[in-house]
Amino acid sequence: MANKKALGKLKGREAMVLAIIVAMIVLFSILSPTFRTYPTLVSVLDNSYYITLMALGVTFPLITGGVDLSIGTGLVSYALIGGFLIFQKGMPVGVAIAVCIGFGILIGIFNGVLVAIMDLPPFLATLCTCMITRGLGPALCGGFGVSWPSSISADGGFRKIFKFVTAEGTVIPIGIVFMIILVAIMSFVLDHTRVGRYTIAIGSNKEATRLAGVNIKFYHVLAYVISGLFAGMAGVAYAATYATIYPGAGAGFELDAIGGAIVGGVSASGGVGTILGSFLGVIVICLMKVGLPFIGLQANWQQIFTGIVLIAAVLVDVLKKKKD
Amino acid sequence: MKKKVLAILLSAAMVVSMAACGGGGNDGGDTGNADSGTATEDTADAGDADDAGSSEGGNKGYSFQMIVKSFQSTYWQAAIKGVEQAKAELGVEVEANGPANESDIADQVQMLDSAIQKKPDGIALAACDTKSVVDSLAKALEAGIPVVCFDTGVDEAPEGSVYATVATDNAAAGAVAAENIFPVIEEKIKAATVDAKVRIGEVNQDATALNIQQRGQGFIDKMIELCNGADKKVAVVGNEFYVNGTEGAVDEKEAEVIIEVGVPAQTTVDLASTEAQKIMSKDDTIAIFGSNQTTAEGVITANQTLNKLSTDPEKGIIGAGFDAGTPQKEAILNDQLIGSVTQSPLMMGYEAVITLAKICDGEEVSDIPMDGYWYSKDNMEDDNIAPNLYD
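Residues numbered from 1 in each chain as written. Chains lettered and ligands numbered in written order. Predicted model: local features only at pLDDT ≥ 70, side-chain atom pairs only at ≥ 80, totals over all residues.

What follows is about the overall build of chain A. Counting secondary structure elements, chain A contains 13 helices and two strands. Each principal axis of the C-alpha atoms in chain A carries an extent, and together these give about 55 × 50 × 35 Å. A fraction of 77% describes how many contacts in chain A between residues 6 or more apart in sequence connect residues 24 or more apart. (Helix = DSSP H or I, 4+ residues; strand = E, 2+ residues; numbered from the N terminus. Contact = placed C-beta atoms within 7 Å.)

What follows is the structure in structure tokens.
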């Protein structure tokens, strides 16, 4: 029963976030004539893929009442290792993509064991993993930055997954189609499969779920494995969008993803949240990242503004709880 | 109880590793070879040089410590190559260390202190933050260890601690970019009027690092000089630091040329590309300059969506970059950028070691300012340019 109520409330939350997105687009378009052009839309989407993937994955640990802080430095590390394999070891791009995602899953399992089996606080455990992944990529690759093959080179085909350029030069951001498909799939997983329902159950009442005979350790670990899997995919998306991957980067990326999920209605204390909400929340974050510079707001004010928006989102969450 | 003990043990381990971390740092890559990973012993290298018989200066046998800004950018790979050349020529040992990341200032200070403890014959330093190393330099002075700065100078070094600085004249390097962009857009500038302005974009990674500040300002100042020479007035808009630092600019209403300066909130390629896109999507933009590898790649990334860069001013925006890296070199070969300015990281690494050896030999040394070189499709393969164009 509590689940249904939560779901019902969230439909309202998602509608609210959608309204915010529309309002932001209108506001930015009025303030900046160059914002409301097609290339800007493509750019917002381009910059959103890796954050969206992170957010889809981290929604699962968040719903269990935990968090995964290792996804930011993780995705950069996995992309670094993949690029290293391509350039220093001459491996095909397909292998690099598989290794990138594979590492994500490995670290996800590591996180899951620390949190679900050894009962460490998620914040602490994934913070430590974050430090490990930060150094792991550079340590395995000799410490230098690396670029995956560019779109004009022979192996650059993988970039076409996200962005397709027609013969006339029109750019089509087909990556968004894949994102929407993933949102649909993961929404189904969260709402209609055992994995999803037990994840929510662990978040709302872990003890009751355990007493009901569910193997919570398994599903708890699985939540972190999903997060790691998506971090690996985010690494590929990051490598496909940007020219060079710098070691030591990535610290802070997870805040974009987690912030997006929270704006979208995922509760920081667990038990509440939808995939669609996380996706919409990430769109809000990406709109701000592109829109604020476009309307002329200088660097420091961009950060202040983004912080205020996130506080507002969490406040709405807290006030709703108080009402109950 | 068990869980509590485990949690406490792990927390303790974390605290201890954080304290120890600063000293350990990133010792990898000092031979400049990505495959060799974590070798820190250089005796093997010095031995190889002697065996190869290529050392002409013979066997000076000095032992130096080198602290780079980080091993983050492949720029340092070229610097290490220069160091290897000097090592082979002189027969000296050099052990190189550096933090993982150019913002790990505290780590670098600790590495510098450790290097001083090892009592080398000399230290070569590329400081991440010029103010933070001042205390360590005082210690080096007390210990009688000569220090040579390379890539960046140290503003307020204790008197007598730094014997020489081997660095690019960044203001001049920024000016080189302006000097090479101007002739290409000269017609457009001459045709500009107060009602039909033209815009030149500059994306700087930050407004806090001395070398970026000097470079960005150098570009702006030279561009203003060249435009004034064509009887056009210039306004500078955008990031407050560069706007306020410019002399000789007029109000936007009175100018025919606008220089717009974009600085991203953080030094990442995605934010830099948004800044570049913001400027490049405006209809009156005729040129754009990215003042280091990160921002030049931001310009290239933005162009993947906008497709506005061209080497013909009538067909699109003229773009130029700084430093090298594979994406930038490719962009030049593919006619997206007209060219870039390279520093001489190889020569800087080389001269730093040569200078240290001279100090140990008792010779007088002085600062060695390096030039920024313009490179384009035409001269990329030249012998004096190519080694600096790292991947």
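Still more to cover.
Moving on, we come to the sheet that holds strand β10 (residues 318-322) of chain B. Residues and elements named next belong to chain B. Ordered in space as β7-β8-β6-β9-β10-β11-β13, the seven strands form an open sheet in which the pairing is mixed. Each edge of the open sheet is held by one strand with a lone partner, namely β7 (234-238) and β13 (373-375). Strand-to-strand twist of the sheet, defined as the mean angle between neighbouring strand axes without regard to direction, takes the value 20°. Across six bridges, strand β6 (residues 198-203) lies against strand β8 (residues 257-262) in parallel orientation. Its bridge partner being in β8, Ile 200 is matched across the sheet by Ile 259. Contacts between helix α6 (residues 170-190) and the sheet are confined to β6, β8, β9 (285-290), β10, β11 (339-342) and β13, with β10 contributing the most and set at about 175° to the helix. (Pairing = 2+ DSSP bridges. Axes fitted to C-alpha atoms, helices over the stretch in contact; angles between N-to-C directions.)

Ranked by size, the top nonpolar core spans 212 residues in total, and within it Met54(A), Leu75(A) and Val353(B) carry the most contacts. Among the elements that line this core, the one with the most residues is helix α10 (residues 216-241) of chain A, at 17 residues. Ignoring sequence-local partners within four residues, the contact set of Leu75(A) consists of Tyr50(A), Met54(A), Ala231(A), Ala234(A), Gly235(A), Tyr238(A), Gly250(A) and Phe253(A). (Core = buried A, V, L, I, M, F, W, Y, C linked by C-beta atoms within 7 Å. Buried ≥ 20, exposed ≤ 12 C-beta atoms within 10 Å, placed from the backbone.)

This paragraph deals with the interface of chain B and chain A. At the interface, 43 residues of chain B touch 41 residues of chain A. The set of elements that each furnish at least two residues to the side of chain B that touches chain A consists of α1 (2-24), α9 (269-280), α10 (293-306) and α11 (326-333) of chain B. Tallying contributions element by element places α9(B) first for the side of chain B that touches chain A, with six residues. Of the residues that constitute the side of chain B that touches chain A, the class distribution is 14 nonpolar, 20 polar and nine charged. (Nonpolar A, V, L, I, M, F, W, Y, C, P; charged D, E, K, R; others polar.)

Attention now goes to the packing of helix α12 (residues 275-294) of chain A against α9(B). α9(B) packs onto α12(A) with a crossing angle of 45° between their chain directions and a minimal axis gap of 9 Å. Compared by their axis directions, α12(A) and α9(B) come out oblique. Considering how the two elements wind past one another, α12(A) and α9(B) form a crossing that is right-handed. Contact residues: α12(A) offers Lys289(A), Val290(A), Pro293(A) and Phe294(A), while α9(B) offers Thr274(B), Glu275(B) and Lys278(B). The class makeup of the residues in the contact of α12(A) with α9(B) is three nonpolar, one polar and three charged. (Parallel < 35°, antiparallel > 145°, perpendicular 65-115°, else oblique. Left-handed = near helix turned anticlockwise from the far one by under 90°.)

Quick look at the domain arrangement of chain B now. Residues and elements named next belong to chain B. Domain parsing of chain B yields domain 1 (2-168 + 344-373) and domain 2 (170-342). Between domain 1 and domain 2, the residue contacts involve nine residues of the former and 11 residues of the latter. Across the side of domain 1 that touches domain 2, the residue classes break down as two nonpolar, six polar and one charged. (Domains from an automatic or database assignment.)

All names here are of chain B. Spatial strand order, β2-β1-β3-β4-β5-β12: six strands in an open sheet with parallel pairing. At either end of the open sheet lies a strand with only one pairing partner, and these are β2 (93-97) and β12 (368-370). Averaged over all pairs of adjacent strands, the angle between strand axes in this sheet comes to 15°, irrespective of strand direction. In the sheet, strand β4 (residues 147-150) pairs with strand β5 (residues 162-168) via four bridges, with the strands oriented parallel. In the strand pairing of β5, Cys 149 is matched with Thr 165.

Let's shift gears to the packing of helix α3 (residues 49-63) of chain A against α10(A). All names here are of chain A. Relative to each other, α3 and α10 sit at 175°, their axes nearing to 8 Å. With respect to α10, the element α3 is oriented roughly antiparallel. On α10, the residues touching Tyr 49, Tyr 50, Leu 53, Met 54, Leu 56, Gly 57, Val 58, Phe 60 and Pro 61 of α3 are Ala 223, Tyr 224, Ile 226, Ser 227, Leu 229, Phe 230, Ala 231, Met 233, Ala 234, Ala 237, Tyr 238 and Thr 241. The residue makeup of the contact of α3 with α10, split by class, is 18 nonpolar, three polar and no charged.

All names here are of chain B. In terms of burial, strand β1 (residues 63-67) is a largely internal element, four of the five residues being buried. One ladder, built from five bridges, connects β1 with β2; its direction is parallel. In the strand pairing of β2, Met 66 is matched with Ala 96. Here β1 pairs with strand β3 (residues 122-125) via four bridges, running parallel. Among the inter-strand pairings, Met 66 is bridged to a residue of β3, identified as Ala 124.

Let us look at the environment of Ser32(A). Structurally, Ser32(A) can be placed in the loop between α1 (2-31) and α2 (38-46). Setting aside its immediate chain neighbours within four residues, Ser32(A) contacts Phe294(A) and Ile295(A).

Residues and elements named next belong to chain B. Of the residues in chain B, 86% have a pLDDT of 70 or more, and the chain-wide mean is 83. Ignoring residues within four places in sequence, the model shows residues 20-56, a span with pLDDT below 50, making 68 contacts including any to other chains. Listed scores for the predicted complex are pTM 0.77 and ipTM 0.75. (pLDDT = per-residue confidence, 0-100.)

So, on to unusual backbone geometry. Residue and element names in this part refer to chain B. With a phi close to 70°, Asp 231 is a non-glycine residue in the positive phi region. With respect to the secondary-structure elements, Asp 231 resides in the loop between α7 (210-229) and β7. Phi at Asp 323 takes a positive value of approximately 65°, unusual for a residue other than glycine. Among the secondary structure elements, Asp 323 is positioned in the loop between β10 and α11.

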